[in-house]
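# Structural overview
So the chains spell out like this:
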Amino acid sequence: MRVGVLTGGGDCPGLNAVIRAVVRKGVTEYGYDFLGFRDGWKGPLEGLTSELGIPEVRGILPRGGTILGSSRTNPMKIEGGVDRIKANLAALGVDALIAIGGEDTLGVATQLHDRGVPVVGVPKTIDNDLSATDYTFGFDTAVNIASEAIDRLHTTAESHHRVLVVEVMGRHAGWIALHAGLSAGANIILIPEQPFDLDEVIGWVESRFESHYSPIIVVSEGALPKDGGLITKDQTLDAFGHVRLTGIGDWLASAIEARTGKEARTSVLGHIQRGGTPTAFDRVLATRFGLQAIDAIHDREYGVMVALRGTDIVRVSLIEATGVLKTVPQARYDEVRTFFG
Ligand code: F6P
């Protein structure tokens, strides 16, 4: 059995831990051999491969990024893309594929599976917005990075009596903002699921100053004001049709400064949240996902994604996993509102 492995979409800490676990178990327990595909779906589409065996996965457990490279290539948008992938897999003798990715990468995996490609998915994204799994790996690392940043911003905000706005990642779902903001004691948390009222935000900022503290606002990049659309710096779209986000943090700081007369600054954490070594939680989760993914291949159970349910790793259908995004429910947002202002 020859198994292809690829990592697609935005990278995140823990990808290498999955690759290592897949290869270690696949080689030693099942006697499989592996082929790495470079740069997400671009690899099988263009036949871009790299060796993948025990020597290649040595020492990569704590390393961020992905040894296979990644991209946001969408083969569904390319004329004859599916046929090219099928032909390349056949020519390279690849019997099954493990696709490690988020909603877009696994959305492609779902469609390829429908067209006869044997594929198993592994959920990754710092955004934690994939349905059917309690957590995706990468999320815990991103939350820890953002939480530490907010801790640091508290002290400098106090020294200068400023409002500090922290913009974190989260395109459609505010999980990073919610968890990082809650863990680091943010005074206001704004997420895409809950369009915000600027007047209410100004009220919370003022009440925070009245109690002699400097407000820290955590805002997801995809958050938006109630009476306006998404605020972005440019309109460039990727191959999956997503606009490049960032801009809401600066917009908010300017609006607060104009309305309150208090100095307001923004820190955009951006890709810092995606880089570097994974937390122990993410290493364990990614490793367990990898072990279960190769077991699914061994059982010839394709069209599934491995998922965390409680403390168990289970298999769910790719359709279930990619059908709807997992967003922050109202009750979770109501919990954190206790601490606003
Ligand atoms: O999907 C994960 C993510 O980190 C989003 O939170 C963010 O909007 C996006 O990727 C940024 O992607 P890129 O690095 O391609 O600009």
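Now for a quick tour of the structure. (Residues numbered from 1 in each chain as written. Predicted model: local features only at pLDDT ≥ 70, side-chain atom pairs only at ≥ 80, totals over all residues. Heavy atoms only, no water.)

What holds strands together in a sheet is hydrogen bonding between their backbones, with the strands either parallel or antiparallel. Read across the open sheet, the four strands follow the order S7-S8-S6-S9; overall the sheet is parallel. Edge positions in the sheet fall to strand S7 (188-190) and strand S9 (264-268), since each of these pairs with one other strand and no more. Averaged over all neighbouring strand pairs, the angle between strand axes comes to 20°, with direction disregarded. Here five bridges tie strand S6 (residues 163-168) to S9, and the two strands are oriented parallel to one another. When the sheet's bridge partners are listed, Val165 is paired in S9 with Thr266. Helix H6 (residues 139-160) rests against S6, strand S8 (216-220) and S9 of the sheet, and its axis sits at about 165° to S6. Against the sheet, helix H8 (residues 198-210) touches S6, S7 and S8, its axis set at about 160° to S7. (Pairing = 2+ DSSP bridges. Helix = DSSP H or I, 4+ residues; strand = E, 2+ residues; numbered from the N terminus. Axes fitted to C-alpha atoms, helices over the stretch in contact; angles between N-to-C directions. Contact = heavy atoms within 4.5 Å.)

Okay, the site of the ligand next. Taken together, Arg72, Ile126, Asp127, Met169, Gly170, Arg171, Glu221, His271 and Arg274 make up the full set of residues near the ligand. Arg72 is positioned with one of its side-chain polar atoms (N or O) 2.8 Å from an oxygen atom of the ligand. Asp127 is positioned such that a nitrogen or oxygen atom in its side chain is 2.8 Å from an oxygen atom of the ligand. Notes on the ligand: free accessible area 400 Å², of which the protein chains cover 79%. Of the residues contributing to the shell around the ligand, the split by class is two nonpolar, two polar and five charged. Lining the shell around the ligand are residues from two domains, each supplying at least three of them: domain 1 (2-137 + 278-323) and domain 2 (141-275). (Near = heavy atom within 4 Å. Polar contact = N/O pair within 3.5 Å; in protein donor to acceptor, adjacent residues only side chain to side chain. Areas by Shrake-Rupley, 256 points an atom, 1.4 Å probe, with all protein chains shown as cover. Nonpolar A, V, L, I, M, F, W, Y, C, P; charged D, E, K, R; others polar. Domains from an automatic or database assignment.)

Unusually for a residue other than glycine, Asn128 sits at a positive phi of about 60°. A positive phi angle, close to 130°, is found at Thr246, a residue other than glycine. Looking at the element boundaries, Thr246 is found in the loop between S8 and helix H9 (248-260).

Between helix H1 (residues 15-28) and helix H10 (residues 280-298), the shortest axis-to-axis distance is 7 Å and the interhelical angle comes to 40°. Here H10 runs oblique to H1, going by the angle between their axes. In the crossing of H1 with H10, the sense of the turn from one axis to the other is right-handed. Residues Ala17, Val18, Arg20, Ala21, Val22, Lys25 and Gly26 of H1 form the contact with H10, whose participating residues are Arg283, Ala286, Thr287, Gly290, Leu291, Ile294 and Asp295. Looking at side-chain class alone, the contact of H1 with H10 contains seven nonpolar, three polar and four charged residues. (Parallel < 35°, antiparallel > 145°, perpendicular 65-115°, else oblique. Left-handed = near helix turned anticlockwise from the far one by under 90°.)

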